Amino acid sequence: MDELVIAGAKLVTPQGVRETDVLIREGRIARLGRAHRPRAAFSAQGLILLPGAIDAHVHLALPVAGTRSADDFATGTLAAAAGGVTTLIDFTLGAPDKSLPQAIEERIAQAAPAAVDFSLHAEMIGWTPDRAGELAQAAELGVRSFKFYLAYADSGRRTPLGVLKAAMEGIARLGGVAMVHAEAEELMVPGKGPTPEGRPAVAEEVAIAELAILALRTGCRTYVAHISSAGGLGAYLAGRDRGAPLWGETCPHYLLLDETAYSRPHGRYFSVTPPLRRPADRAALWAALARRELQAVSTDHCPFTRAQKDAAESPEKLPSGLPGVETLLPLLYSEGVAKGRLSLAALAWYLGEGPARAFGLWPRKGGIQPGADADLVLLDPKGSWTITAEGLHMATDFSPYEALQVQGRIVGVLSRGEWLAREGELLARPGRGEFVPWGAS
Ligand SMILES: [Zn+2]
């Protein structure tokens, strides 16, 4: 029988940390507790055992600004595997003339080279209320998370509030989630591109406040993507206080970086939407994480090479996006746990159970309990390393964290009981990843 025991690790769940053995059988967690005379054991003394991370916000092979995000499903998911992300959630490529089921089927086919498991959010670009029936069709295909933009009118991605409200009513009936990019278009400054002047924090704050009202009135579970500012966070928390069914996400770049990055010699490489904010915004986001007021930390992974960003003739042509999927877990451990800002248990929530519960992956993904997929990460808290773009697997020659010293080193990654990475060697194979539908058991 196909068995493996991870012996003696410190197992981390959102409830706490305990030392135990984990018995894996046929790709799933079979049992927790002392194992007797195991056939195959991996001695994990002194190591931390975390659920395989879920990155709920990833853009692989995304057409944008006349180019394409640099990672495809092969390179991006190998990088994910190296960084301990065993499940990622990407997006369909929505378009007004494409039905939701068609977009889902196309994207699943495009994801065939994936090395880790994946799920999808359905982009609602150009969707109209007369297409309400497509929501249930999407659900039948395993997709119950629907992505809206309150910005980007110029590229046709913006959903007007009336259409959003109609969609949220339908999604509420389905028991799904509306995932929303919340920035108010009217408060942006044209011609400034993805900068703090062009996309001020108040635009995020206003959009989240509006969204909270729609969530409250429609009863639709709403996931606020990439909260970047203290003001946006305040609007989110105020909405929750009123009873709006809101979940929130932030990203490592809003926790680790601030707007001073734009005045570095190659500041344009840091272009991202929403833009980087002030140090006080970073502090507010860390504090909210520590209080477990958010649901997930995801990356909005959307890398570009230096050449792709250099090619932009003006700020508004700059492709927005940063690499992230491979450094999500290491950075959150190093800057969060090792620096005392975040507990290990909270780390297991934000990278495991939180996103798994938000997007229909729980209990199969996101936790370490009998019956769950054996998606696991072993981390040596004593190890340390230095980030270089060259040393990472993401398809870009730029890292926003170049030369950053990282505490904690990933020594093993398992997906469904199979080693994807072990002792620094990347063993994942493209094509082994599976689509995980909402509600899969
Ligand atoms: Zn995104």
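Residues numbered from 1 in each chain as written. Predicted model: local features only at pLDDT ≥ 70, side-chain atom pairs only at ≥ 80, totals over all residues. Heavy atoms only, no water.

**Some thoughts on the domain arrangement of the protein chain**
What the domain assignment reports for the protein chain is domain 1 (3-50 + 372-387 + 402-426) and domain 2 (53-358). Computed from C-alpha coordinates alone, the two centres of domain 1 and domain 2 are separated by 28 Å. Across the interface of domain 1 and domain 2, roughly 1,900 Å² is buried in total on both sides, 72% from carbon and sulfur atoms. Across the domain 1-domain 2 interface, the total number found is one salt bridge. Of the charged contacts, one joins arginine 416 and aspartate 117 as a salt bridge, the two residues approaching to 2.6 Å between their closest N and O atoms. (Domains from an automatic or database assignment. Buried area = accessible area lost by both parts, 1.4 Å probe. Salt bridge = Lys/Arg side-chain N within 4 Å of Asp/Glu carboxyl O.)

**Some details on the layout of surface pockets**
Computed from the structure, the largest pocket encloses a volume of approximately 910 Å³. Looking at the largest pocket, it is lined by 39 residues, and the ones nearest its centre are Tyr152, Asp154, Ser155, Arg157 and Arg199. Broken down by secondary-structure element, the contributors of at least two residues to the lining of the largest pocket are β7 (63-64) and β11 (145-149). Counted by class, the lining of the largest pocket contains 18 nonpolar, 12 polar and nine charged residues. Volume-wise, the second largest pocket comes out at about 410 Å³. (1 Å grid on protein atoms, 1.4 Å probe; cavity = no way out; pocket = protein on both sides within 12 Å on 5 of 7 lines; lining within 4 Å. Points joined across faces, edges and corners; volume = space filled by probe spheres on them. Helix = DSSP H or I, 4+ residues; strand = E, 2+ residues; numbered from the N terminus. Nonpolar A, V, L, I, M, F, W, Y, C, P; charged D, E, K, R; others polar.)

**Digging into the coordination of the zinc ion**
Coordination of the zinc ion by the protein involves His57 (NE2), His59 (NE2) and Asp300 (OD), with metal-donor separations of 2.0 to 2.2 Å. Each donor residue of the zinc ion belongs to the same chain, with the gaps between them written as H-x1-H-x240-D. With histidine 59 in the loop between β6 (53-55) and β7 and aspartate 300 in the loop between β15 (296-297) and α9 (306-310), the pair connects residues that are 241 residues apart, well separated along the chain. Here histidine 59 matches aspartate 300 in class, with each residue buried. (Donors = N, O, S within 2.8 Å, 3.2 Å for Na, K, Ca; no water. Buried < 20%, exposed > 50% of the residue type's maximum accessible area, 1.4 Å probe, protein only.)

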